Amino acid sequence: MIKISNKIVFTVFATAFVFVALLSCKKDKSEETILTGSTSILVDESIFPIAEDQKIVFESQYDARIKLIPQSEKESVLSFVSNKAQTIILTRKLNSKENNYFKNKKIKPLETPFAIDAIALIKNNKSKDTIQDISEIVAFLNGKPTKIKGLVFDNANSSSTRYLLELAGLKNIPEKGVFSFKTNNEVIDYVSQNEGMIGVVGMNWIFQPTEKIKKALENITVLSVKDKGSNEYVYPSQENLANRTYPLARVLYIINCQGYDGLGIGFASFMAGETGQRIILKSGLAPMREPSRNIRIRNKIEN
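Residues numbered from 1 in each chain as written. Predicted model: local features only at pLDDT ≥ 70, side-chain atom pairs only at ≥ 80, totals over all residues. Heavy atoms only, no water.

### Comments concerning the overall build of the protein chain
Here's step 1: A tally of helices and strands in the protein chain yields 11 helices and 14 strands.
Here's step 2: The buried share of the protein chain, reckoned over its 303 residues, is 53%.
Here's step 3: Here the protein chain displays about 15600 Å² of accessible surface, and carbon together with sulfur accounts for 49% of that area. (Helix = DSSP H or I, 4+ residues; strand = E, 2+ residues; numbered from the N terminus. Buried < 20%, exposed > 50% of the residue type's maximum accessible area, 1.4 Å probe, protein only. Areas by Shrake-Rupley, 256 points an atom, 1.4 Å probe, with all protein chains shown as cover.)

### Observations regarding the packing of aromatic side chains
Here's step 1: What the rule picks out here adds up to seven aromatic pairs.
Here's step 2: Ring centres of Phe58 and Phe267 lie 5.3 Å apart, and the angle between their planes is 75°; this geometry places the pair in the edge-to-face category. On the criterion of sequence distance, the pair formed by Phe58 in helix α1 (residues 48-61) and Phe267 in helix α10 (residues 263-272) is long-range, its members being 209 residues apart. There is no split in this pair, since Phe58 and Phe267 are both buried.
Here's step 3: Seen in terms of ring centroids, Tyr101 and Phe102 are 5.1 Å apart; in terms of plane orientation they differ by 80°. Their pairing is edge-to-face.
Here's step 4: Exposure remark for Phe102: the relative accessible area of 4% places this residue in the buried category.
Here's step 5: An aromatic cluster is present here, built from Phe58, Tyr62, Phe267 and Phe270 joined pairwise through their rings. (Phe/Tyr/Trp six-rings, centres within 6.5 Å; stacked < 30°, edge-to-face > 60°.)

### Comments concerning the pattern of salt bridges
Here's step 1: For the structure on display, the rule yields 12 salt bridges.
Here's step 2: Linking Lys226 and Asp133 is a salt bridge whose minimum nitrogen-to-oxygen distance equals 3.4 Å. Of this pair, Lys226 sits in strand β11 (residues 224-226) while Asp133 sits in strand β6 (residues 131-133), and the two are 93 residues apart along the sequence.
Here's step 3: We classify Lys226 as buried; its relative accessible area is 16%.
Here's step 4: Notably, a salt bridge pairs Glu166 with Arg162, separated by 3.6 Å at the nearest N-O pair. Residue Glu166 and its partner Arg162 are both found in helix α5 (residues 159-168); the two are separated by four residues, about one turn of the helix. (Salt bridge = Lys/Arg side-chain N within 4 Å of Asp/Glu carboxyl O.)

Spelled out as structure tokens, the structure:
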């Protein structure tokens with residue numbers, strides 16, 4: 001386990017996209033279309049499971065190969081602006097600084113919301129606690145006395161860490177009582193073995209655990225959370241994500257800076273479309289729109 005220092009820091013496109021060429025690309029466009037070819041997509045590690053689900057189904061339906069590159073939010077955005085990939089999946093829109101970078105290059109990123117995820121707070125079930133007040137988390141991060149023993153983050157540069165820091169009004173992470181691993185899996189495994197610590201992970205990893213951590217989840221309790229000024233503790237269920245009552249819910253985006261109608265555009269359309277939204281619904285997260293239901297009525301013919 002690594003102690004963190006202060007220095008570390010819908011529109012739904014369901015059918016087709018009207019797309020204006022935004023930049024000239026080094027890649028041979030003839031090798032790639034919206035449904036064929038190959039491409040790389042950067043992914044915030046905290047939401048990797050749902051991105052992987054979408055990729056598997058997309059590749060099964062089209063002659064396409066997508067390489068997903070999971071990284072922390074900070075690392076993935078740095079890779080994005082370094083042109084290591086032209087598509088990225090994040091838990092937020094690009095900020096003003098990032099948008100200005102692309103604006104200077106005469107690029108207008110296309111941001112497509114496709115799901116609602118959540119930051120989950122977890123504890124070892126030996127602690128018997130099932131609720132957590134966000135104001136206590138904020139107080140702990142600001143160095144005030146609380147009952148919290150410690151906070152464990154997935155990554156010092158993750159979207160979850162950034163989210164809670166912003167919530168606490170902090171630019172840097174406090175040294176005392178705050179720890180970090182590298183992945184959500186490691187946080188879940190650690191909290192399952194250590195009583196009293198609060199883990200901070202993407203809810204996607206709870207809904208869709210890897211085989212490696214299914215056993216660890218048997219010793220984990222996902223906490224209901226109360227927002228500041230509220231009297232109600234809310235569990236991060238699919239329903240509560242959909243109606244935005246869970247305080248730590250967050251919208252997921254796929255962001256494209258391709259200068260042609262390539263796989264990034266096609267994959268975004270797929271994720272925001274009918275099939276992609278059904279995958280979201282099945283995953284336990286909340287889709288941006290409710291997939292349609294086809295009801296077949298059979299008339300009984302009497303002799």
